[in-house]
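Now for the letters of each chain:
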Amino acid sequence: MDVVLNEREARAARTAVAEFDRLLSSEKTFEPIKAGLPPQVVNALYKSYSRQRQDLVSLINAYETAKQGDYKDLQKRAGRDPGLSLIVARIARDLTQKDLARKLGLKEQQIQRYEADRYRSISLGNFQRVAAVLGLQWQLDLSSWILSGWNVAESISAVDVKKILKHAREHQWLDDTLKNSSDEESFTYLHRDVTDHILKFGTPTLLRTGLNTESRTDDLLLVAWKSRVARIASRIISDKTVKYCMGDATWLIDLVHLSNLPDGPIQAREMLLTKGIVLVAERQIPGMRVDGAAFLVDGIPVIGLTLRRDTIDNFWFTLLHEVGHALLHYRSGLNVGFFDDVERPSLEEVELEANEFASNLLIPEEKWKRSPARISKSTGPIEKFAREMNINSAIVFGRIQKERNNYTIFSDLLGKGTVRNQLIQNK
């Protein structure tokens, strides 16, 4: 929720504030500590809950003051989004959805549907009609509102089109009816799918990434991959009736301990689903540099993994980094999304928070500093430390490689080639 635009959303926001108050109470604060979560992780969750609570209070205040005639804050939050501007105009004129429907000669449910998807499904003619009734003068700016979605002719070369099509065919992105279709037919299918995704979630240039993207082509590869992950996640959310609730985080310890099991990645996916988080593994399109992503689909946190580095240590760190985004940044960036190359240094506060969250969950800092495994040159003390932590030893070997900046040592002990087949072959 990045803006509150009606009474239903305001009630939901107030309920969420009350839940955060409960989580921030002294009794609830100590539950994760008693369960064994590292202090750094508990502190990060506490700070996140406090920050998200304050964000919600600000959203509610912006909505309430707009109803009283001062809509500057709400308009600022809506930005240049044309659909949100219509809703802000309705609120500023102190009209309910029912009032607006009556003025337009429509049913209230139709206005509710329009506003639920921020007017993205409305025709241009009806958009202008609603704007006129609200007294809103809107000058269409095609550079800010992309009606055609993915403008391939201007944005992507024929070489890149073939790259996406080749990847789509090799990895079963296309419907069975398109297996033997022409390039033009296949691309029309992908074009429509990606366009729908852009209209619902935003254009590639608005995607927040942890990458230093050098060209728009990279963005289009990224959004094509993201639309594929989102489509798979949508099916899972619908089939499994997934529901995400903020609250208990003590299960994180059990999640980490799954790393010890041969089928730990599969069990991790199932555990996350019970917590309302959808994990989808999908190979990246050649040319991308992404290990993991976290974003929202219909309010549900979705984690996408490319598994381009198919090792146990990389899988668990990347997974917990993205889980960190889901828990710590649910209301402060997850709606836009995070796209991470975990090997690339970042100075962004949110990325540092997710890194520390993952690192301390896997190996608590205070225990690591006191362990002889940290300076050991032989495998014995390292494997002993991993058993004490109840984690896969590959995670410890991987951390040693990174800390010593030497990726040749213990390179045969990272569980190479054991994750991708579990999650991608059995999707």
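Scroll up a little and you will see the structure.
Model, not experiment: these values are computed from the prediction. Every chain's residues receive numbers from 1 upward, in the order its sequence appears when written. In view of the model being predicted, local features appear only for residues whose pLDDT reaches at least 70, and side-chain atom pairs are presented and counted only at 80 or more, with totals across whole chains, interfaces and linings using the full set of residues. Hydrogens and water are ignored here; the side-chain numbers use all heavy atoms of the structure.

## Quick look at the packing of helix H14 (residues 264–274) against helix H15 (residues 312–328)
In step 1: Angles shown run from 0 to 180 degrees and are taken between the N-to-C directions of axes, each axis being a line fitted to C-alpha atoms and, for helices, limited to the stretch in contact. Numbering of helices and strands runs from the N terminus; a helix is a DSSP stretch of H or I covering at least four residues, while a strand is a stretch of E covering at least two. Direction vectors running N to C along H14 and H15 enclose 10 degrees, while the axes themselves pass 12 Å from each other. One finds that H14 runs roughly parallel with respect to H15. Only Phe-315, Trp-316, Leu-319 and Val-323 of H15 make contact with H14, whose side of the interface consists of Gly-264, Pro-265, Ala-268 and Leu-272.
In step 2: Partitioning the contact of H14 with H15 into residue classes produces seven nonpolar, one polar and no charged. To sort the angles, those under 35 degrees are grouped as roughly parallel, those over 145 as roughly antiparallel, those from 65 to 115 as roughly perpendicular, and the leftovers as oblique. A contact between two residues is defined here by any heavy atoms of the two lying within 4.5 Å. As a working rule, the residues Ala, Val, Leu, Ile, Met, Phe, Trp, Tyr, Cys and Pro are called nonpolar, Asp, Glu, Lys and Arg charged, and the rest polar, with Gly in that last group.

## Comments concerning the packing of aromatic side chains
In step 1: Side-chain rings of Phe, Tyr and Trp, where Trp is taken by its six-membered ring, are said to pair if the distance between their centres is within 6.5 Å; with planes under 30 degrees apart they count as stacked, over 60 as edge-to-face, and otherwise as tilted. Applying the stated rule across the entire model yields seven aromatic pairs.
In step 2: Both rings, one in Tyr-244 and one in Tyr-330, keep their centres 5.0 Å apart while their planes meet at 35 degrees; by these two values the pair is tilted. Separated by 86 residues along the polypeptide, Tyr-244 in the loop between helix H12 (216–240) and helix H13 (251–257) and Tyr-330 in the loop between H15 and strand E4 (338–340) bring together distant segments of the chain. As far as burial versus exposure is concerned, Tyr-244 and Tyr-330 are alike and both buried.
In step 3: Ring plane angle 45 degrees and centroid distance 4.9 Å describe the contact between Phe-397 and Phe-410, whose orientation is recorded as tilted. Accessible area is worked out with a 1.4 Å probe on protein chains only. A residue is then buried under 20% of its type maximum, exposed over 50%, and partly exposed in between.

## Concerning the environment of Asp-313
In step 1: Mapping Asp-313 onto the fold places it in helix H15.
In step 2: Taking the C-alpha atoms as reference points, Asp-313 and Arg-399, 86 residues apart in sequence, are found 8.1 Å from one another.
In step 3: Apart from residues no more than four positions distant in its own chain, Asp-313 is found in contact with Ala-394, Ile-395, Gly-398 and Leu-414.

## Let's talk about the pairing of strand E1 (residues 278–281)
In step 1: Going residue by residue along E1, you find Val-278 and Val-280 tucked away on one face and Leu-279 and Ala-281 tucked away on the opposite face as well.
In step 2: Between any two strands, pairing holds if DSSP finds at least two bridges. Two elements, E1 and strand E3 (residues 300–305), share four bridges in a ladder whose sense is parallel. Directly across from Val-280, in E3, lies its bridge partner Gly-304.

## Focus: the pairing of E3
In step 1: With six of six residues buried, E3 is to be regarded as a mostly interior element.
In step 2: Alternating positions in E3 separate into two faces, Ile-300, Val-302 and Gly-304 on one and Pro-301, Ile-303 and Leu-305 on the other, with burial throughout.
In step 3: The pairing of strand E2 (residues 292–297) with E3 spans six bridges and is classified as antiparallel. Following the sheet pairing, Phe-295 is matched in E3 by Val-302.

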